[in-house]
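# Survey of secondary and tertiary structure
One-letter residues, chain by chain:
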Amino acid sequence: MAGVLESVNQRTKLVGENRLELLLFRVRGKQLYGINVFKVKEIIQCPRLTSLPGSNRVVRGVVHIRSGTTPILDMSLATGGPPLEEVAGAFVIITEYNGATQGFLVASVDKIINMNWEHIHPPPKGTGREHYLTAVTEVEDHIVEIIDVEKILAEVSPVKEDISEGIINDEVRTEASTKKVLIVDDSKIARKQISRCLEKIGVEVIALEDGKQAWEHLKGIVDEGERPQDRYMMLVSDIEMPEMDGYTLTTHIRANDAMQDFYVVLHSSLSGVFNQAMVEKVGANDFIAKFDPDVLADNVVSRINNG
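Here goes a summary of the coordinates provided. (Residues numbered from 1 in each chain as written. Predicted model: local features only at pLDDT ≥ 70, side-chain atom pairs only at ≥ 80, totals over all residues. Heavy atoms only, no water.)

### Here's the deal with the pattern of salt bridges
One pass over the structure, following the stated rule, counts 18 salt bridges. For arginine 231, the salt bridge goes to glutamate 226, with nearest N and O atoms at 2.9 Å. Between arginine 227 and aspartate 230 there is a salt bridge, and its shortest N-O distance comes to 3.0 Å. Since its relative accessible area comes to 35%, arginine 227 is described here as partly exposed. On the basis of relative accessibility, which here comes to 52%, the residue aspartate 230 falls in the exposed class. (Salt bridge = Lys/Arg side-chain N within 4 Å of Asp/Glu carboxyl O. Buried < 20%, exposed > 50% of the residue type's maximum accessible area, 1.4 Å probe, protein only.)

The following block contains the structure:
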């Protein structure tokens, strides 16, 4: 237990300080890519892969790790490149997204670096490179591209987006039609999923792309003499975002007298034992894992009924 508490303490030191740790790796060639260490469970030399008939072409096979079966996705194929050829010498990054475990096949793993989210920026528009990216940064004069893993997973294994019967009734829909919800997420696919879910409930959705954009928007509302909580029923924010992460956004909101009671839900594919400690530290009202339309809808409906 002492080890777990120490690990929680070490990781929560990054929370609210707009910092993250990136694992750097290469898919092919010299280009560096990054993934948040919070998502990484372990890194292993690529074991023998067992083919999975009928699976998506991106899935190179499965491996059996600690009595569980984990699909292995070729990161090169997943981002529109050719398949990784030297599998025997490759590495697998085992990750956890949306409560599920998967592995990403990569050519090599470089190192872990500690960075400030302010140094991580949205990908440049119009280059064609942004299709599978959520952000870019620079490390030791090298461009690092941060891949939109949620987009990859949505393409390989689409998630259920319909809300189950019984969660929404006519009374809720009527009340929802008078409400607005602000959502913030750097993943285009995630913004679409969340927006479609909330629009089915009946609320109006305003979607922004990162925490800094959201913070400027909220400050603008206050400068106009209005409180954000009088305009929006709630904020649903991703955690990992360029410029400013969701933890830091929440910390800023709680430190502002005009926004202190703004209802904030952190909505992330980050999962594990650290979430509750992080949410409590920054003062968010709730945390829900991506992407389960029923869980998200339940949260919003509860807010409509009790707000």
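### Topic: the environment of asparagine 299
Secondary-structure assignment places asparagine 299 in helix H10 (residues 293–306). Looking at asparagine 299, the relative accessible area reads 10%, which means it is buried. Spatially, the C-alpha atoms of asparagine 299 and arginine 60 are 37 Å apart, while their sequence positions differ by 239 residues. Sequence-distant contacts of asparagine 299, that is, excluding residues within four places in its chain, are made with Met234, Tyr263, Val265, Asp286 and Ile288. (Helix = DSSP H or I, 4+ residues; strand = E, 2+ residues; numbered from the N terminus. Contact = heavy atoms within 4.5 Å.)

### Some remarks on the sheet that holds strand E1 (residues 19–26)
Taken in spatial order, the 5 strands of this open sheet run E8-E1-E2-E10-E9, and their pairing is mixed. This sheet does not close on itself; its edge strands, each paired only once, are strand E8 (108–116) and strand E9 (133–139). In this sheet, adjacent strand axes meet at a mean angle of 35 degrees when their direction is disregarded. Bridge count for E1 against E8 is 7 bridges, and the pairing is antiparallel. If you follow phenylalanine 25 over to E8, its bridge partner there is valine 109. (Pairing = 2+ DSSP bridges. Axes fitted to C-alpha atoms, helices over the stretch in contact; angles between N-to-C directions.)

### Description of the sheet that holds strand E12 (residues 204–208)
A sheet is described by the order of its strands in space; here 5 strands give the open sequence E12-E11-E13-E14-E15, paired in parallel fashion. With partners counted over all chains shown, the strands left at the sheet margins are E12 and strand E15 (286–289), one partner each. In this sheet, adjacent strand axes meet at a mean angle of 20 degrees when their direction is disregarded. As defined by bridge partners, strand E14 (residues 264–268) adjoins E15 across 4 bridges and the pair is classed as parallel. Looking at E15, one finds that leucine 266 is bridged to phenylalanine 287. Set on the sheet, helix H5 (residues 188–201) makes contact with strand E11 (180–184), E12 and E14; between it and E12 the angle comes to about 165 degrees.

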